[in-house]
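Commentary on secondary and tertiary structure
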Amino acid sequence: MEAGAADTLLSGVCVVFTLGMFSTGLSDLRHMWMTRRVDNVQFLPFLTTDVNNLSWLSYGTLKGDGTLIVVNAVGAVLQTLYILVYLHYCPRKGAELLQTAALLGVLLLGFGYFWLLVPNIEARLQQLGLFCSVFTISQSYSDQINPTSLLLTDHCHPPHLCLLDSLWVPTQRSLHHGAQHSRNPH
C-alpha cells in the first residue's frame, strides 16, 4: 500500500473514531432532554472536549488540514449543544459557569500567546500541536477531576479504553502528519 493511500485510510479511520467519540454525549443529551434534569451527567467532560475541539480547530486552520477542521468543527458544535442543554436544565449554574469562564480564559490566553507572541508559523504549528496533544490527553481524565461529585454519587468509572483510543489515534495521526509536512512541506 503506498503512503498516500495509507494516509487516506488512516485519516478515514481517525474521522470515524473521533466522530464516534463526540457522539458519546448523545445518550447524556437524550437523558437530559427526557428527564429535564442533569442527574448523573457530568459537565466538565463536555466543556473540556469543547475547548479541545476549538484548540484542534485552530491547529487545523493554521495547518490548512481540512480533516482536522471539519472533524473539530462538528465536535465543537456537538459539545456546545451538550453544554447549552446541560446549563438549561441545571438548577444551580454557578460552578459550571465558573468552570466555563476559567477554561475559556485559558483558551483565549493560549490563542493570544500562539497568534501574537509566536510570529514564526512553523514554531507556532509545533507549539500549538504540542499544546493540543497535552490537552487532549489530560481532558480524557476530566470526569475524574471533580472528586466531590464522584464521592457523593455511585457514578465513578474510569475512561473506557475505546474512548482513550479514539482520543489517541487522531492525536497521533495529526502529529505524524505534521512531522511529515515539516520534513516535506510540498
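Located above this text is the structure these notes cover.
Residues numbered from 1 in each chain as written. Predicted model: local features only at pLDDT ≥ 70, side-chain atom pairs only at ≥ 80, totals over all residues. Heavy atoms only, no water.

Looking at the packing of helix α2 (residues 26-35) against helix α4 (residues 66-89)
Each pair of packed helices can be described by the angle between their axes along with the distance between the axes. It is the contact of α2 with α4, at a shortest axis distance of 10 Å, that shows an interaxial angle of 25°. Here α4 runs roughly parallel to α2, going by the angle between their axes. Classified by chirality, the crossing of α4 by α2 is left-handed. Here L26, L29, M32 and W33 of α2 come into contact with α4, specifically with L81, Y82, V85, Y86 and Y89. Taken together, the residues of the contact of α2 with α4 sort by class into nine nonpolar, no polar and no charged. (Axes fitted to C-alpha atoms, helices over the stretch in contact; angles between N-to-C directions. Helix = DSSP H or I, 4+ residues; strand = E, 2+ residues; numbered from the N terminus. Parallel < 35°, antiparallel > 145°, perpendicular 65-115°, else oblique. Left-handed = near helix turned anticlockwise from the far one by under 90°. Contact = heavy atoms within 4.5 Å. Nonpolar A, V, L, I, M, F, W, Y, C, P; charged D, E, K, R; others polar.)

Details of a nonpolar patch on the surface
Nonpolar side chains collect at one region of the surface, where Y113, W115, L116 and L117 lie side by side and expose about 460 Å² of accessible area between them. Take Y113: it is sitting in helix α5 (residues 94-117). (Patch = residues over 30% accessible without salt bridge, like charges linked within 9 Å, V, L, I, M, F, W, Y side chains within 5 Å. Areas by Shrake-Rupley, 256 points an atom, 1.4 Å probe, with all protein chains shown as cover. Salt bridge = Lys/Arg side-chain N within 4 Å of Asp/Glu carboxyl O.)

Considering the nonpolar core
Counting residues in each nonpolar core, the largest one holds 19 residues, and the members touching the most others are M32 and Y86. For this core, the elements supplying multiple residues, two or more each, are α2, α3 (44-63), α4 and α5. Considering each element in turn, this core owes the most residues, six residues, to α4. In this view, M32 contacts R37, V38, V41, F46, Y82, V85, Y86 and Y89; residues no more than four positions away in its chain are not counted. (Core = buried A, V, L, I, M, F, W, Y, C linked by side-chain atoms within 4.5 Å. Buried < 20%, exposed > 50% of the residue type's maximum accessible area, 1.4 Å probe, protein only.)

Description of the side chain of N52
By the secondary structure assignment, N52 is in helix α3. Look past the residues within four positions of N52 in its chain and what remains in contact with it is C132, F135, T136 and Q139.

Description of the packing of aromatic side chains
Counted by the stated rule, this structure contains six aromatic pairs. Look at Y113 and F114: their rings are 5.1 Å apart centre to centre, the planes differ by 70°, and that puts the pair in the edge-to-face class. Ring pairs connect the aromatic residues Y113, F114, F131 and F135, which therefore count as one cluster. The ring of W33 has R36 sitting right over it, with the charged end atom 5.9 Å from the ring centre. (Phe/Tyr/Trp six-rings, centres within 6.5 Å; stacked < 30°, edge-to-face > 60°. Lys NZ or Arg CZ within 6 Å of the ring centre and 35° of its normal.)

Looking at α4
The first and last C-alpha atoms of α4 sit 35 Å apart over 24 residues, in line with the 34 Å expected at 1.5 Å per residue. Of all the residues in α4, the buried ones are L68, V71, N72, G75, A76, Q79, Y82, I83, V85, Y86, L87 and Y89. For α4, the N-terminal capping position is held by D65, with its side-chain oxygen 3.0 Å away from the main-chain nitrogen of T67. (Expected span 1.5 Å × (residues − 1). Polar contact = N/O pair within 3.5 Å; in protein donor to acceptor, adjacent residues only side chain to side chain.)

Don't take any of this as a statement about function, it's just geometry.
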